[in-house]
Amino acid sequence: MAGGVLSFPLTSFHDDGSLDADGFRTHVAARIATAPGAVFPACGTGEFFSLDEDEYRTVVTIAVEEAAGRVPVVAGVGYGWAQAARFARIAEEAGADALLVLPHYLVAAPQDGLVAQLEQLAARTRLPLIAYQRGQVAFTASSLKRIAAIPGVIGLKDGHSDLDRLQRLTLAAPEGFLFFNGASTAEIQARAYATVGVPAYSSAVHAFAPEIADAFFAALTDGDDKAVEKLLRDFYVPLVELRDRVPGYAVSLVKAAARLRGQPVGPVRAPLTDPSAADLAELTTLLATGLDLVGAAL
């Protein structure tokens, strides 16, 4: 999965908030056509938290059908382990290759509980698990050793961007254990993550501008620091500054940008809100700038 950016497709909704299965099929097929390292349906960017089980089944099934074995399909699961296991069964039946275990809901928990959460879920699915540490989930090095020993747990996605902690985790992990950069707008920190042995990263930008995401990945892989810094300075940093203005813009802006590109993704579901007119105008200008940087058109 380190051979390309990790793509997190958006879940398409109609204007009335209902699931748009045809729109999602069009959207995810276009992402897969660019040959990402893997596709992660129904995760954070895909508004997993707003999907019921039937909608989840539809989304994962479509992703598997469109991938057709060309790229791995890693479906999101979450909440407590009992609910996560229900979603895991659906993903398994739909043909997903693995699961991304999103942080559990609401409460903080001790390390023993974080480990037990994965043990309970791993005992109830045949699919490989990638733990996602973010928010109230943060593993210590000793806990990392414990989760890596759980049959079926194959990796960790990090969203904390604490490189000291992350370096300790990578050093504690057994050979072959996978690590992923899951920071918001991960390209901003991609070089830093790579220095501690975590080159693979997720790209929300890939959901609306694979041309930009792939150009950045190529520049990073080729060691073209000048191109990397140009894209960071003129596109990614302004995008992050816009994203940070309003809670939930990490998804809302991505969806708005996809709509600007003609992707049939529709609005976000509550509690998220779509961008204001002023922010949408700024996003439009920024998107045109980013595409121009890589020789693409809006």
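The model shown is predicted, which means the values in this text are computed figures rather than measured ones.

Participant: Can you walk me through the packing of helix α3 (residues 81–94) against helix α4 (residues 111–122) in this structure?
Facilitator: Think of two packed helices as two axes; the pair is described by the angle between the axes and how far apart they sit. Look at α3 against α4: their axes get within 9 Å of each other, and the N-to-C directions meet at 35°. Here α3 and α4 pass one another in a crossing that is right-handed. Where α3 approaches α4, its residues W81, A84, A85 and A88 are matched on the opposing element by Q117, Q120 and L121. Taken together, the residues of the contact of α3 with α4 break down into 5 nonpolar, 2 polar and no charged.

Participant: Which parts of the structure should I look at to understand the sheet that holds strand β4 (residues 98–101)?
Facilitator: Within a sheet, adjacent strands bond to each other through the backbone by hydrogen bonds, running parallel or antiparallel. Spatial strand order, β3-β4-β5-β6-β7: 5 strands in an open sheet with parallel pairing. Unpaired on one side and paired on the other, β3 (74–77) and β7 (178–181) mark the two borders of the sheet. Here the average twist between neighbouring strands, direction ignored, is 25°. Two strands pair when backbone bridges link them, and β4 and strand β5 (residues 129–133) are joined in this way by 3 bridges, in the parallel orientation. Bridge assignment links L100 to a residue of β5, and that residue is I130.

Participant: What is the right way to look at the packing of aromatic side chains in this model?
Facilitator: Each aromatic ring pair is summarised here by two numbers: the centre-to-centre distance and the angle between the ring planes. In total, this model carries 11 aromatic pairs according to the counting rule given. An angle of 15° between the planes, with centres 4.4 Å apart, marks the rings of F8 and F40 as stacked. Of this pair, F8 sits in the loop between β1 (6–7) and α1 (21–32) while F40 sits in the loop between β2 (38–39) and α2 (53–67), placing them 32 residues apart in sequence. For the pair F8 and F40, one class covers both residues: buried. Three or more aromatic residues link up through ring pairs in this structure, and these residues are Y201, F216, F217, F235 and Y236. Sitting over the ring of Y132, K157 keeps its end group 4.4 Å from the ring centre.

Participant: Teacher, can you tell me more about the pairing of strand β6 (residues 153–158) here?
Facilitator: One face of the sheet, then the other: side chains in a regular strand alternate in exactly this way. Among the 6 residues of β6, 5 are classified as buried, and the element is accordingly described as predominantly covered. Both β5 and β6 contribute to a ladder of 5 bridges, which runs parallel. Bridging across to β6, Q133 finds its partner in D158. As a crossover connection, the stretch from β5 through helix α5 (residues 141–148) into β6 is right-handed. Following the chain from β6 across helix α6 (residues 163–172) to the adjacent parallel β7, one finds a crossover that is right-handed.

Participant: Help me understand the nonpolar core in this model?
Facilitator: The tendency in soluble globular proteins is for nonpolar side chains to be buried as a group. One finds Y56, V77, L100 and F179 to be the most contacted residues of the largest nonpolar core, which totals 68 residues. Excluding its chain neighbours within four sequence positions, the residues that come into contact with Y56 are A42, F48, L51, A75, G76, V77, F87, I90 and A91. Of all hydrophobic cores here, the second largest spans 32 residues; its members include V5, L10, Y249 and V254.

Participant: I would appreciate a short explanation of the sheet that holds β2 in the present structure.
Facilitator: Here 3 strands make up an open sheet; going across it, the order is β2-β1-β8 and the pairing parallel. Every other strand in the sheet has two partners, leaving β2 and β8 (202–203) as the edge strands with one partner each. Note: β1 against β8, 2 bridges, orientation parallel. Counterpart to S7 in the pairing with β8 is S203.

Reading the values: rules and limits
- Residues numbered from 1 in each chain as written.
- Predicted model: local features only at pLDDT ≥ 70, side-chain atom pairs only at ≥ 80, totals over all residues.
- Heavy atoms only, no water.
- Axes fitted to C-alpha atoms, helices over the stretch in contact; angles between N-to-C directions.
- Helix = DSSP H or I, 4+ residues; strand = E, 2+ residues; numbered from the N terminus.
- Left-handed = near helix turned anticlockwise from the far one by under 90°.
- Contact = heavy atoms within 4.5 Å.
- Nonpolar A, V, L, I, M, F, W, Y, C, P; charged D, E, K, R; others polar.
- Pairing = 2+ DSSP bridges.
- Phe/Tyr/Trp six-rings, centres within 6.5 Å; stacked < 30°, edge-to-face > 60°.
- Buried < 20%, exposed > 50% of the residue type's maximum accessible area, 1.4 Å probe, protein only.
- Lys NZ or Arg CZ within 6 Å of the ring centre and 35° of its normal.
- Right-handed = clockwise from strand over helix to strand, strands pointing away.
- Core = buried A, V, L, I, M, F, W, Y, C linked by side-chain atoms within 4.5 Å.

Nothing here speaks to function; it is all geometry.
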